[in-house]
Amino acid sequence: MTDEELRKLKRTDLLELLVAQGKENEALQEKLRQAEAALWDRQIQLDEAGNIAEAALRLSGVFEAAQKASDQYLESIRKKHEETESRCAQLEETSRARAEQMEQESKAQAERLVAEAEEKARALTAETEAKCQAMVAQAEAETREFWDMVSQRLENFYAEHAGLRELLSLDKLNGGAQEKADG
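Conventions we followed
- Each chain has its residues counted from 1, running along the sequence as written.
- Residues qualify for local features only when their pLDDT is at least 70, as the model is predicted, and side-chain atom pairs are given and counted only at 80 or more; totals for whole chains, interfaces and linings, by contrast, use all residues.
- Only hydrogens and water are set aside; all other atoms, that is, all heavy atoms of the structure, feed into the side-chain values.
- Runs of E in the DSSP output that reach at least two residues are strands. Runs of H or I that reach at least four are helices, and both are numbered from the N terminus.
- The classification of residues rests on relative accessible area computed with a 1.4 Å probe and restricted to protein chains. Under 20% of the type maximum is buried, over 50% is exposed, and intermediate values are partly exposed.
- Contacts between residues were defined by any pair of non-hydrogen atoms, one from each residue, lying within 4.5 Å.
- Where accessible areas are quoted, they stem from the Shrake-Rupley method and a 1.4 Å probe; at the residue level, only the protein chains shown are allowed to cover.
- When a carboxyl oxygen of Asp or Glu is within 4 Å of a side-chain nitrogen of Lys or Arg, the pair counts as a salt bridge.
- Patch construction takes residues with relative accessible area above 30% that form no salt bridge. Like charges are linked within 9 Å, and nonpolar side chains (Val, Leu, Ile, Met, Phe, Trp, Tyr) are linked within 5 Å.
- Summary of the metric used: pLDDT quantifies the predictor's per-residue confidence within the range 0 to 100.

**Points about the overall build of the protein chain**
Okay, so step 1: A tally of helices and strands in the protein chain yields four helices and zero strands.
Okay, so step 2: Order of helices (α) and strands (β) in the protein chain, N terminus to C terminus: α-α-α-α.
Okay, so step 3: By residue count, 9% of the 183 residues in the protein chain fall in the buried class.
Okay, so step 4: For the protein chain, long-range pairs separated by at least 24 residues make up 67% of all intrachain contacts whose partners lie at least 6 apart in sequence.
Okay, so step 5: Taken as a whole, the protein chain presents about 15500 Å² of accessible surface, with 55% of it coming from carbon and sulfur.

**Examining the pattern of salt bridges**
Okay, so step 1: Evaluation of the coordinates by the stated rule reveals eight salt bridges.
Okay, so step 2: For Arg78, the salt bridge identified is with Glu75, shortest N-O distance 2.7 Å. Note that Arg78 and Glu75 are positioned in helix α3 (residues 52–160) at a spacing of three residues, about one turn of the helix.
Okay, so step 3: Here Glu103 ties to Lys107 by a salt bridge, and the two come within 3.6 Å at their closest N and O atoms.

**Some details on a nonpolar patch on the surface**
Okay, so step 1: A cluster of nonpolar side chains, contributed by Phe146, Trp147 and Met149, occupies part of the molecular surface with about 330 Å² of accessible area.
Okay, so step 2: Turning to its location among the elements, Trp147 is positioned in helix α3.
Okay, so step 3: Among the residues examined, Trp147 registers a relative accessible area of 51% and is labelled exposed.

**Section: the confidence of the model for the protein chain**
Okay, so step 1: Scored by pLDDT, the protein chain comes out at a mean of 81, with 79% of its residues at no less than 70.
Okay, so step 2: Predicted confidence in the protein chain is weakest over helix α4 (residues 162–182), with a mean pLDDT of 63, and strongest over α3, with 85.

Printed below as a string of structure tokens:
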């Protein structure tokens, strides 16, 4: 697997790789135990056969090869583990940086939205106040116009019925005189 492919892996995938490598290590250790057991069986056979010198040579070569293979495998596991830890640390650092950046961007956007909302509210309030003032002024003008019209009509009615005015004046005079007489 290349470095680029490992960088794309998630942390869980990397941990699964480690677990798989651990299982592989256990399997190889089991094979090593089996090989050691087989060697032990061979040693017994060689002892029985009486060829101790030849058995010692064979065993030392087999053990050396097994030890080298085991050392190489363990070293590769250590390297992969270190690489995985390093990549995980880098990914974690990158994720934290992204999260901080996203948080800052979200705060800035929220502040912008609040400022825009406040500005719209101020504009709507000013517009509403202006409309209310215009409506009040219009209502006052219409009221003055209506009263002027009613006053004009009353004046016209009063002027047209001047005779009625005289009658009303006479009734007042007669009513006043009668009250004096009654009194």
